[in-house]
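Coordinates in review
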Amino acid sequence: MSQRPVQRSALPRTIWALGFASLFMDMSSELVHALLPLLMVNVLGASMLAVGIIEGVAEATAAITKVFSGALSDHWRRRKPLLVFGYGLAALTKPVFPLAASLGWIMAARFADRVGKGIRGAPRDALVADVTPAHARGAAYGLRQALDSVGAVLGPLLAILLMLAWAGDVQAVLWVAVVPATITVLILLLWVREPAMPSAAESRAWRWQDYRLLQRRYWLVVGLGAVFTLARFSEAFLILRAQDTGFAPVYVPAIMILMNLVYAGGAYPAGKLADRLSPRHLLIAGLLMLIVADLLLAASNGVMLTLLGALCWGIHMALTQGLFGKLVADAAPAHLRGTAFGVYNLMTGVALLLASAVAGLLWSVYGAAATFLAGALFAALALAGLLLIRWHSGPVD
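In this text the structure is predicted, and so the values were computed from the model without any measurement. (Residues numbered from 1 in each chain as written. Predicted model: local features only at pLDDT ≥ 70, side-chain atom pairs only at ≥ 80, totals over all residues. Heavy atoms only, no water.)

**Considering the side chain of Glu194**
To keep it simple, the criterion reads: For the purposes of this entry, the term helix denotes a DSSP run of H or I that reaches at least four residues, the term strand denotes a run of E that reaches at least two, and both are numbered from the N terminus. Polar contacts here mean pairs of N or O atoms no more than 3.5 Å apart (in protein, one a potential hydrogen donor and the other a potential acceptor; neighbouring residues in sequence count only if both atoms are side-chain atoms). Here, two residues are considered to be in contact whenever any of their heavy atoms come within 4.5 Å of each other.
Within the element layout of this structure, Glu194 appears in the loop between helix H8 (178-191) and helix H9 (216-230). A distance of 2.8 Å separates a polar atom in the side chain of Glu194 from a polar atom in the side chain of Arg78. Within the local environment of Glu194, its side chain forms a polar contact with the backbone nitrogen of Lys80, the two atoms lying 3.3 Å apart. Setting aside chain neighbours within four positions, we find Glu194 in contact with Arg78, Arg79, Lys80, Pro81 and Leu127.

In structure tokens form, the structure reads like this:
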């Protein structure tokens, strides 16, 4: 089905507000994430397996929480309160990281932070579809993801500058993450507006049995998302690979800066393309980029190949992540969008837990190259499966 071109000005103000909220929270979170693996391994003495388990459990926690928050946003017919609570909880955890004296502290803080992410994730993604016309959803998800990725660039960049200025004092730098997290909550309170949804008296109440209304097309998208995630483990391993291939500790966050710079620059154009082209073509291109990224990172023995691998990883993210948001929104009935995003994020979160634990185990036993070669293998299997399936890509509502 042909779609008319989408201009940036056509996107609602709430999309921009959600985007800038994501920007500041990701600036805060990525500043922490850029330094957290170094804190765990170099300061607290964690093993690679421990890093993989902590990262996987944290992300899986977020995914599980999204199931309930998405369903609640459908049941209550309100998205914003859950957004504010979720982002607020994440902001409250930020002071814990610089105070951490053991891995137990890190685990607890990451758990609470990811609970906050889980609470806000599905309602936010559903709200994007609620306020955006169907023909512009690709652009809307792409723009929000692009602004989110700008924050993911600024966070590690700020980490590098502050590490240089403060002589590598990781704990001191982590305190700075509190500021942008607070700004995020203010943006949500002041500028995010949600459309009126039918009251319980005007529409049938949400029920757990409504999961049955999610059709085969939706479950196909969920399955694809889970397989994609199995092929792409926690980005903490990118940071550790940078350190392993010759980056000085103070410059290790540069790997995330490059990856997210490419991600930020490509997400919005890829989202616009998703409104015009077959999603399948973009997914295939994204998987090819992930395979190239994994192979480069597996073969790397120096800075240059590691940077090229991060660049290809960023292209993969730009081509696929916003696109999956559009696919979920298009495949789900309007009154079940929160539920649909919650289930999708649960499945991809479980896949991330498995992928991160396997990645950490492979690294510990066989070395870094085995971790990234396994990622390339999973991506190749996902590509083979994608070439064998077809699905209708227009919106159901």
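Having seen it, we continue.
**Topic: the packing of helix H10 (residues 236-244) against helix H14 (residues 337-366)**
A pair of packed helices is captured by two measures, namely the crossing angle of their axes and the spacing between those axes. For the record, the criterion: To obtain an axis, a line is fitted to C-alpha atoms, over the contacting stretch when the element is a helix, and the angle between two such axes runs from 0 to 180 degrees between their N-to-C directions. By the definition adopted for this analysis, an angle is roughly parallel if under 35 degrees, roughly antiparallel if over 145, roughly perpendicular if from 65 to 115, and oblique otherwise. A clockwise turn of the near helix away from the far one marks a right-handed crossing, whereas an anticlockwise turn of less than a right angle marks a left-handed crossing. Here the nonpolar group is Ala, Val, Leu, Ile, Met, Phe, Trp, Tyr, Cys and Pro; Asp, Glu, Lys and Arg are the charged ones; every other residue, Gly included, is treated as polar.
At their nearest, the axes of H10 and H14 sit 12 Å apart, and the two run at 20° to each other. Taken together, the axes of H10 and H14 lie roughly parallel to each other. As H10 packs across H14, the resulting crossing turns out to be left-handed. Listed contacts from H14 to Phe237, Leu240, Arg241 and Asp244 of H10 are Ser356, Ala359, Gly360 and Trp363. Residue composition of the contact of H10 with H14, grouped by class: four nonpolar, two polar and two charged.

**Remarks on the packing of aromatic side chains**
Stated precisely, the cut-off is as follows: Pairing of aromatic rings covers Phe, Tyr and Trp, the last through its six-membered ring, and needs centres within 6.5 Å; plane angles under 30 degrees mean stacked, over 60 mean edge-to-face, and all others mean tilted. We call a charge positioned over a ring when the NZ of a Lys or the CZ of an Arg lies within 6 Å of the ring centre and within 35 degrees of the ring normal.
Enumeration over the complete set of coordinates arrives at seven aromatic pairs. Note on Trp16 and Phe20: the rings are 6.5 Å apart at their centroids and 25° apart in plane angle, and the pair reads as stacked. You can see Trp16 and its partner Phe20 sitting in helix H1 (residues 13-43), four residues apart, about one turn around the helix. Taking the centre distance of 5.0 Å and the plane angle of 70° together, the rings of Tyr218 and Trp219 count as edge-to-face. Positioned above the aromatic ring of Tyr87 is the side chain of Arg120, whose terminal nitrogen or guanidinium carbon lies 4.3 Å from the ring centre.

**A word on empty space enclosed by the protein**
The condition that has to hold: Computed over the protein atoms alone on a 1 Å grid, cavities are sets of points where a 1.4 Å probe fits but cannot get out and pockets are open sets with protein on both sides within 12 Å along at least five of seven lines; a residue lines them when it has an atom within 4 Å of a point. Grid points are joined across faces, edges and corners, and a volume is the space filled by probe spheres set on the points.
Enumeration over the complete set of coordinates arrives at two cavities of 30 Å³ or more. One number sums up the size of the second largest cavity: a volume of about 30 Å³. Lining of the second largest cavity is provided by Ala267, Ala270, Gly271, Ala274, Ala318, Leu319, Gly322 and Leu323. Of all the elements in the fold, those that place two or more residues in the lining of the second largest cavity are helix H11 (254-274) and helix H13 (303-331). For the lining of the second largest cavity, a count of residues per class yields six nonpolar, two polar and no charged.

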